[in-house]
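# Descriptive analysis of the structure
Spelled out from the first residue to the last, the chains are:
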Amino acid sequence: MTRSVRRTRRTLQVAGASVAALLALSACSSSGDDSSATTKSDTSTATPKLSGSITVFAAASLQESFTTLKADFEKAHPGTRVNFSFGGSDSLAAQITSGAPADVFAAASAKTMAIVTDKKDTAATPATFVRNQLEIATLPGNPDKISSLKDLTKSSLKVVLCDKTVPCGAAAQKALDASKLKLTPVSYEEDVKSALNKVVLKEADAAVVYKTDVKAAGSKVEGVEFPESANAVNDYPIALLKNAPNPTVAKAFIALVQSAEGRQVLNDAGFLKP
């Protein structure tokens, strides 16, 4: 074999080794790029951690169930806090349209929610998440033997209603009108909890409230159902507010309310499915 041939073979071997090394390096680099791309992709799609507080304006009848959901929410999202302002839906709506800072509004009727939407103070279309039906709350043991809506018209009874501007009061009046009954209460209360409390404190013999409030009161009152209530069922809408200080957390809380978990808590409290 000539010296020239040997030199040529040696050159080809070196070149081959260099190509193999370059290919291996390229494969490693490519693999690293894919890993980096995957990591970047995973990071970009990860759910951001929620933090900060929100204020929820909610109908008084939601107090027990929303308080339960608050605990669940804050446990699931450490670093968040849910603050509530419970009251009559009409009063809460008036506060919102007057500029009161809040993130979420949950009303006890579509009519009171409309006060807010008409002023364009919501950031999204309100969604009905539950419904509620009326019931008569009497003293424990029902000593006055109240069995119907008509019984409340007896002059010997001290009956309390929610104010007519409040959803529970409007619903009660609707049931009375449909039955062609006239009832003069000893007082009109600003929200359903205030009406119920009159019976709990034995300052009234009966009150027309929601089933959920009778259930929440336990042995402090006794509930009496009446068929006319089926014609005065209230839808409960919830909405994110336009000027919500913390919309991200607010949306997450609304999602919990509308979730299967939220529905279960609300159903357990006596609310009806929407």
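Scoring rules and cut-offs
- Residues numbered from 1 in each chain as written.
- Predicted model: local features only at pLDDT ≥ 70, side-chain atom pairs only at ≥ 80, totals over all residues.
- Heavy atoms only, no water.
- Helix = DSSP H or I, 4+ residues; strand = E, 2+ residues; numbered from the N terminus.
- Buried < 20%, exposed > 50% of the residue type's maximum accessible area, 1.4 Å probe, protein only.
- Areas by Shrake-Rupley, 256 points an atom, 1.4 Å probe, with all protein chains shown as cover.
- Arc of directions from axis to C-beta.
- Contact = heavy atoms within 4.5 Å.
- Phe/Tyr/Trp six-rings, centres within 6.5 Å; stacked < 30°, edge-to-face > 60°.
- Pairing = 2+ DSSP bridges.
- Axes fitted to C-alpha atoms, helices over the stretch in contact; angles between N-to-C directions.
- Left-handed = near helix turned anticlockwise from the far one by under 90°.
- Nonpolar A, V, L, I, M, F, W, Y, C, P; charged D, E, K, R; others polar.
- Polar contact = N/O pair within 3.5 Å; in protein donor to acceptor, adjacent residues only side chain to side chain.
- pLDDT = per-residue confidence, 0-100.
- Disulfide = S-S within 2.5 Å.

### A closer look at the overall build of the protein
- Scanning the protein for helices and strands turns up nine helices and ten strands.
- Within the protein, the fraction of its 274 residues that count as buried is 40%.
- If you sum the accessible surface of the protein, you get close to 14,400 Å²; carbon and sulfur atoms cover 52% of it.

### Some thoughts on helix α9 (residues 260-268)
- Those residues of α9 not exposed but buried are G262, V265 and L266. Seen end-on, α9 carries its buried residues on one side only, within an arc spanning 95°.
- Each element contacted by the buried residues of α9 is listed here: α2 (63-76), β4 (127-132) and α8 (247-258).
- Following α9 by one or two positions, G270 has its phi on the positive side, about 110°.

### Some thoughts on the packing of aromatic side chains
- For the structure shown, the criterion picks out nine aromatic pairs.
- One aromatic cluster is present, built from ring pairs that chain together F66, F73, F84, F86, F129, Y210, Y236, F253 and F271.

### Observations concerning the sheet that holds strand β7 (residues 187-189)
- Pairing is mixed in the open sheet, where five strands are placed in the order β7-β6-β8-β5-β9. Among the strands making up the open sheet, the edge pair consists of β7 and β9 (222-224). If you compare each strand with its neighbour and ignore which way they point, the axes differ by 35° on average.
- Bridge count for strand β6 (residues 159-162) against β7 is three bridges, and the pairing is parallel. In the strand pairing of β7, C162 is matched with E189.
- Relative to β6, helix α5 (residues 167-178) is tilted by about 115°, and along the sheet it contacts β5 (134-138), β6 and β8 (206-210).
- Running at roughly 145° to β8, helix α6 (residues 192-200) makes contact with β5, β6, β7 and β8 of the sheet.

### Considering the packing of α2 against α9
- Following both chains from N to C, one finds α2 and α9 inclined at 145°, their axes separated by 9 Å at the closest point. As α2 runs across α9, the sense of the crossing is right-handed. When α2 is examined against α9, the residues S65, F66, T68, L69 and D72 are found in contact with a partner set consisting of E261, G262, V265 and L266.
- Of the residues assigned to the contact of α2 with α9, the class counts are four nonpolar, three polar and two charged.

### Regarding the side chain of E189
- Looking at the secondary structure, you find E189 in strand β7.
- For E189, the side chain forms a polar contact with the side chain of S187, separated by 2.7 Å.
- Ignoring sequence-local partners within four residues, the contact set of E189 consists of V160, L161, C162, D163, V166, S194, A195 and K198.

### Describing the confidence of the model for the protein
- When pLDDT is averaged across the protein, the result is 88; 83% of the residues are at 70 or more.
- Below pLDDT 50 for its whole length, residues 1-45 participates in two contacts with residues either more than four positions away or in separate chains.

### Considering the state of the cysteines
- Under the criterion given, the structure shown has one disulfide.
- Between the sulfur atoms of C162 and its disulfide mate C168 the distance is 1.9 Å. Every disulfide takes its handedness from the sign of the S-S torsion; for C162 and C168 that torsion is -115°, giving left-handed.
- For C162, a relative accessible area of 1% puts it in the buried group.
- The exposure class assigned to C168 is buried, which follows from its relative accessible area of 1%.

### Some details on helix α4 (residues 110-117)
- Buried within α4 we find T112, M113 and V116. Down the axis of α4, the smallest arc covering the buried residues is 100°, so these residues share one side. Turned more than 90 degrees from where α4 packs its buried face, A110 and K111 sit exposed.
- On its buried face, α4 is in contact with α3 (89-97), β3 (104-106), α5 and β10 (234-240).

### With respect to the pairing of β8
- Burial runs high along β8: five of the five residues are buried.
- The pairing of β5 with β8 spans five bridges and is classified as antiparallel. Looking at the pairing, A137 lines up with A207 of β8.
- The pairing of β6 with β8 spans two bridges and is parallel. For V159, the partnering residue across the bridge sits in β8 and is A206.

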